[in-house]
Amino acid sequence: MTLKLDDRFVTPFVSEDELRAMLPEVKAAADKVKNRDGKGADFLGWQDLPVNYDKEEFARIKIAAEKIKKSCDVFIVIGIGGSYLGSRAVIEFLKSPRYNLLKKDTPDIYFSGCNISGSDLDELMEICEGKDVCINVISKSGTTTEPAVAFRCFRELLEKKYKNKATEHIFVTTDKSRGTLKEFSTKAGFETFVVPDAVGGRYSVLTAVGLLPIAVAGIDIDALMGGAQLAMKELNTEPDAEFTNPAYKYAALRNILLRRGKCIETLVDYEPYAVMFNEWWKQLYGESEGKDGRGLFPTSVNFSTDLHSLGQYIQQGQRTLFETVLAIDKADSDAKIPNDPANIDGLNFLSGKQMAEVNETAMKGTLLAHIDGGVPNILLRLADRSEKSLGYMIYFFEYACAISGYILGVNPFDQPGVEAYKKNMFALLGKPGYEEMTEALRARLN
């Protein structure tokens, strides 16, 4: 398999009998996904997406990406939550967190509409000065505050810069046939791509939502989808008592640990390029499981950096957490540590060693230290840092999330809680129709 689950560092905390006892629950959850008869089944479109995707649109994505590469210096992706986290995670994982600083034949890519910061918007506007700019606004409705405000601002910039040719620089990913943004885009003549009805935002990275920005970065989206296809084939299996399927084992282990009082799951990486992938993972699991007073709290750390900030807490703080560690089997760097004749730092025993070996050893030492400190660790090993492997891992986490959510007893595909802050914000900003709520909220604040 492209991704393997090593349970040696969690077995001191979970017995084989406990794991086998989860089999009926895992089978029931897998049946709900397979038969599409569980809660939120209308949003299971991601399950067979790697095979049953829109081939015509996929081809258009490639054509649009080439057009953007040739015509633009800067590509602004406008979206929030699942509308930007997936593409940014993939670009940084496969290219670099320093993507915009590297020498390349693709545009710089920036993300906007994922906050309401005026200073952030001002900086992006300044970056765009004197450069050719294209934008991709991603929104199912077109009325979500953060991306809608950013779209207004960048649309105005493009209309002033390119006049009646501004439409050639605007690409829209939205609902197929309805909604404010779709109607506006059709009238304006923007090229549009589809946010599928049956795929929720946090599961949408392998749709046009994620694939257009990913393709603009020069990433092979065929290989990315190929990895997901392989995962779909290998993971949609009948659960067995040995838990040979890593997605089922991962879902079962995290639910066992939750029932043991381990209510925080920390995703651990050892490479800076994985930090934004952790952010994508946090939304996937936090929004899917955090409801009805249930669910693990998903957080993340980047080691060895965070071993010098959060390592103390993980080692000796409250025993309410476990770690899921992401490791890459095949290193993509052969950087070596040089020799220092004076041995000023006392590290000459590392001379000639590859950084990858030292990093791997740091991971192993940390695993042992943390299980000794009472922290269970689930180790996930990915074959390499490639499009195929990443596509596989994306599908793995999506599939395991659905299974885990059904075991937990929640709807893994809705997010009713995110509306609360929006209503309060609209009322406090004076949106028409919220007058009574406005008065009540202002009274509470005063």
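Bear in mind that the values here come from a model prediction, so they are computed numbers and not experimental data.

The rules we used
- Residues numbered from 1 in each chain as written.
- Predicted model: local features only at pLDDT ≥ 70, side-chain atom pairs only at ≥ 80, totals over all residues.
- Heavy atoms only, no water.
- Salt bridge = Lys/Arg side-chain N within 4 Å of Asp/Glu carboxyl O.
- Helix = DSSP H or I, 4+ residues; strand = E, 2+ residues; numbered from the N terminus.
- Buried < 20%, exposed > 50% of the residue type's maximum accessible area, 1.4 Å probe, protein only.
- Patch = residues over 30% accessible without salt bridge, like charges linked within 9 Å, V, L, I, M, F, W, Y side chains within 5 Å.
- Areas by Shrake-Rupley, 256 points an atom, 1.4 Å probe, with all protein chains shown as cover.
- Lys, Arg positive; Asp, Glu negative; His and termini not counted.
- Charge placed at Lys NZ, Arg CZ, Asp CG, Glu CD.
- Disulfide = S-S within 2.5 Å.
- Phe/Tyr/Trp six-rings, centres within 6.5 Å; stacked < 30°, edge-to-face > 60°.
- Lys NZ or Arg CZ within 6 Å of the ring centre and 35° of its normal.
- Expected span 1.5 Å × (residues − 1).
- Contact = heavy atoms within 4.5 Å.

Caption draft 1: Expanded view of the pattern of salt bridges. Across all of its chains, the model carries 29 salt bridges by this definition. One salt bridge in this structure joins Arg-60 and Glu-56, with 3.2 Å as the shortest N-O distance. In this pair, Arg-60 and Glu-56 are both assigned in helix α3 (residues 55-71), four residues apart and thus about one turn of the helix distant. The partly exposed category is assigned to Glu-56, whose relative accessible area is 48%. For Asp-197, the salt bridge identified is with Arg-178, shortest N-O distance 3.9 Å. Here Asp-197, found in the loop between β6 (191-194) and α8 (208-216), pairs with Arg-178, found in the loop between β5 (170-174) and α7 (180-188); they are 19 residues apart in sequence, far enough to count as distant. For Asp-197, a relative accessible area of 42% corresponds to the partly exposed category. Exposure remark for Arg-178: the relative accessible area of 48% places this residue in the partly exposed category. Sharing partners across several salt bridges, the network here consists of Glu-56, Glu-57, Arg-60 and Glu-191.

Caption draft 2: Spatial organisation of a negative patch on the surface. Side chains of Asp-122, Glu-123, Glu-126 and Glu-129 sit close together on the surface and give a patch of like negative charge. Mapping Glu-129 onto the fold places it in the loop between α5 (118-128) and β4 (133-138).

Caption draft 3: View of the state of the cysteines. Per the counting criterion, the structure on display carries one disulfide. The structure places no disulfide on Cys-128, whose sulfur is separated from the nearest cysteine sulfur, that of Cys-72, by 10.0 Å. Residue Cys-128 is classed as buried on the basis of its relative accessible area, which comes to 4%.

Caption draft 4: How the structure looks around the packing of aromatic side chains. This model, assessed by the stated rule, comprises 24 aromatic pairs. Both rings, one in Tyr-53 and one in Phe-58, keep their centres 4.9 Å apart while their planes meet at 50°; by these two values the pair is tilted. Accessibility classification places Tyr-53 together with Phe-58 in one group, the buried group. A connected cluster of aromatic rings, assembled from ring pairs, spans Phe-93, Tyr-250, Tyr-273, Phe-277, Trp-280, Trp-281, Tyr-285, Phe-396 and Phe-397. Directly above the ring of Phe-426 sits Lys-431, whose terminal nitrogen or CZ lies 4.1 Å from the centroid.

Caption draft 5: View of helix α14 (residues 387-408). Its 22 residues give α14 an end-to-end C-alpha distance of 31 Å, which sits within 8% of 32 Å, the value for a rise of 1.5 Å per residue. After α14 finishes, the residue Gly-409 shows a positive phi value of roughly 90°.

Caption draft 6: Representation of the environment of Leu-212. One can find Leu-212 in helix α8. For Leu-212, a relative accessible area of 0% puts it in the buried group. The spacing of Leu-212 and Arg-60 is 152 residues in sequence and 9.3 Å in space, taken between C-alpha atoms. Setting aside its immediate chain neighbours within four residues, Leu-212 contacts Ile-61, Ala-64, Ala-65, Ile-68, Asn-136, Phe-171 and Phe-193.

Caption draft 7: Representation of the environment of Asp-197 in the model. Separated by 153 residues in the primary sequence, Asp-197 and Leu-44 have C-alpha atoms spaced 9.8 Å apart. Residue contacts for Asp-197: discarding those within four places in its chain leaves Asp-42, Phe-43, Lys-140, Asp-175 and Arg-178.

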